[in-house]
Amino acid sequence: MAIRGRNFALRNSQGYFESFSAQNFTGKNVCIFLSHISVDKTAATKIGDYIQDAGFNIYLDINDEDLQRAVANNDAARVTTAIEKGVSNSSHMMCIVSEATKNSWWVPYEVGYGKKSNKELSTLALRNVTSLPDYLKITYKIEGVIGLNKYLNSIRKGSTSYEFLTESANYHHSLNPYLKTDR
């Protein structure tokens, strides 16, 4: 059983963000920035939990108190700084896309900043997605639970203490309400 990954947007018991070295991204040192539009936060949380249960670290912005305070105060400069810090301290970026994503002003910024920062970019299409915007067609595309598992296994390079994710996408999988059905 893999050790559960951490969410680096959460503060530790002393009130500080977990430190994360973005230098040797292999195995347990992988950190995936989960980009999403706020209306998809339930799906992003479930997907983030699944990724953490698989042993990967994530950055999920809904747990970043500074970012949430900046959003509440409509402080675009602090929002931008928080996003850039989260992306910079991650090794990978996964854009969680729904039909609502096309209405986001921040998701394209996050993906663009991730690309400029040479992050490995992927796109996870939620159940209702019919097409991707052009800027996401250049990323590693993921559909369904099996596709997510294949992606996570592909970035585990260098790790020796893990189990391959081999779950099938049966009708009772916890991510099925959010992801497309695997074929």
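This text goes with the structure placed above it.
Worth saying up front: this structure is predicted, and the values here are computed from it rather than measured. (Residues numbered from 1 in each chain as written. Predicted model: local features only at pLDDT ≥ 70, side-chain atom pairs only at ≥ 80, totals over all residues. Heavy atoms only, no water.)

### Observations regarding the overall build of the chain
So, step 1. Along its length, the chain carries five helices and five strands.
So, step 2. The N-to-C order of helical and strand elements in the chain reads β-α-β-α-α-β-α-β-β-α.
So, step 3. Residues classed as buried in the chain amount to 46% of the 183 residues present.
So, step 4. Of the contacts formed within the chain by residues at least 6 apart in sequence, a portion of 72% connects residues at least 24 apart.
So, step 5. If you sum the accessible surface of the chain, you get close to 9,900 Å²; carbon and sulfur atoms cover 51% of it. (Helix = DSSP H or I, 4+ residues; strand = E, 2+ residues; numbered from the N terminus. Buried < 20%, exposed > 50% of the residue type's maximum accessible area, 1.4 Å probe, protein only. Contact = heavy atoms within 4.5 Å. Areas by Shrake-Rupley, 256 points an atom, 1.4 Å probe, with all protein chains shown as cover.)

### Here's the deal with the pairing of strand S4 (residues 120-125)
So, step 1. For S4, the buried fraction is high: five of the six residues fall into the buried class.
So, step 2. Here strand S3 (residues 92-97) runs beside S4; their pairing, made up of six bridges, is parallel. Residue Cys95 lies in a different strand from S4, and its bridge partner there is Thr123.
So, step 3. Handedness of the crossover joining S3 and S4 through helix H4 (residues 106-116): right-handed.
So, step 4. Note that S4 and strand S5 (residues 140-143) share four bridges and pair parallel. Bridge pairing in S5 links Leu124 to Ile142. (Pairing = 2+ DSSP bridges. Right-handed = clockwise from strand over helix to strand, strands pointing away.)

### Concerning helix H2 (residues 65-72)
So, step 1. Between a side-chain oxygen at the N-terminus of H2 and the backbone nitrogen of Asp66 the separation is 3.1 Å; the capping residue is Asp64.
So, step 2. Phi turns positive one or two residues past the end of H2, at Asn74, with a value near 55°. (Polar contact = N/O pair within 3.5 Å; in protein donor to acceptor, adjacent residues only side chain to side chain.)

### Quick word on the sheet that holds S5
So, step 1. The strand order across the open sheet formed by five strands is S2-S1-S3-S4-S5, and the pairing between neighbours is parallel. The sheet terminates laterally at strand S2 (57-59) and S5, the two strands that pair on one side only. Ignoring which end each strand starts from, the neighbouring axes of this sheet average 30° apart.
So, step 2. Across the face of the sheet, helix H1 (residues 41-53) comes into contact with strand S1 (31-35), S2, S3 and S4 while running at roughly 170° to S1.
So, step 3. In the packing of helix H5 (residues 144-154) onto the sheet, the strands contacted are S1, S3, S4 and S5, and the crossing angle to S5 comes to about 140°. (Axes fitted to C-alpha atoms, helices over the stretch in contact; angles between N-to-C directions.)

### Concerning the nonpolar core
Proteins that are soluble and globular tend to have nonpolar side chains buried together.
So, step 1. Ile32, Leu34, Ile47, Ile51, Phe56, Met94 and Leu152 are the most contacted members of the largest nonpolar core, which has 24 residues in total.
So, step 2. For this core, the elements supplying multiple residues, two or more each, are S1, H1, S3 and H5.
So, step 3. Looking at this core element by element, the count peaks at five residues for H1.
So, step 4. Phe56 has contacts with Gly5, Arg6, Val30, Ile32, Ile51, Leu152, Ile155 and Arg156, leaving out every residue within four places of it along the chain.
So, step 5. Of all hydrophobic cores here, the second largest spans 21 residues; its members include Val87, Val107, Ala125 and Val129. (Core = buried A, V, L, I, M, F, W, Y, C linked by side-chain atoms within 4.5 Å.)

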